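Understanding the architecture of this molecule
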Amino acid sequence: MKRSDLVRSIQVSFNRMREQDADKIITAITSDITDAITRGDRIEIRGFGRFLQRPRATKSAFNPRTGKPMRLAAGKTILFRPSNELTKKMN
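Let us look at the side chain of Gln-11. Tracing the chain through its elements places Gln-11 in helix α1 (residues 3-13). The buried category is assigned to Gln-11, whose relative accessible area is 13%.

Dropping the structure here:
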């Protein structure tokens, strides 16, 4: 599903809301989620799932072009855990 599909879905759900208004809603939601994850907060959307910021440790790897060993720096990643409801619907 693309952003444009979400915009259309919101428009249909709310009696033909203007496309610009539906787009602003999606922008506001994604912006708030992005800001919260950046701060390290946990985002929970009941019935959908949770987004968490997770640390990633330093690890050794190999350069695929040269085959030489290299170190990958520690960093952060985003973890998504689906809710039980979403998992049941998928299965």
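Picking up where we left off.
Next up on the list: α1. Within the span of α1, buried status applies to Val-7, Ile-10 and Gln-11. All buried residues of α1 fall inside an arc of 100° around its axis, so they share one side. Residues Val-12 and Ser-13 are exposed on α1 and point more than 90 degrees away from its buried face. Following α1 by one or two positions, Asn-15 adopts a phi angle in the positive range, close to 50°.

What counts, and at which threshold
Residues numbered from 1 in each chain as written. Predicted model: local features only at pLDDT ≥ 70, side-chain atom pairs only at ≥ 80, totals over all residues. Heavy atoms only, no water. Helix = DSSP H or I, 4+ residues; strand = E, 2+ residues; numbered from the N terminus. Buried < 20%, exposed > 50% of the residue type's maximum accessible area, 1.4 Å probe, protein only. Arc of directions from axis to C-beta.

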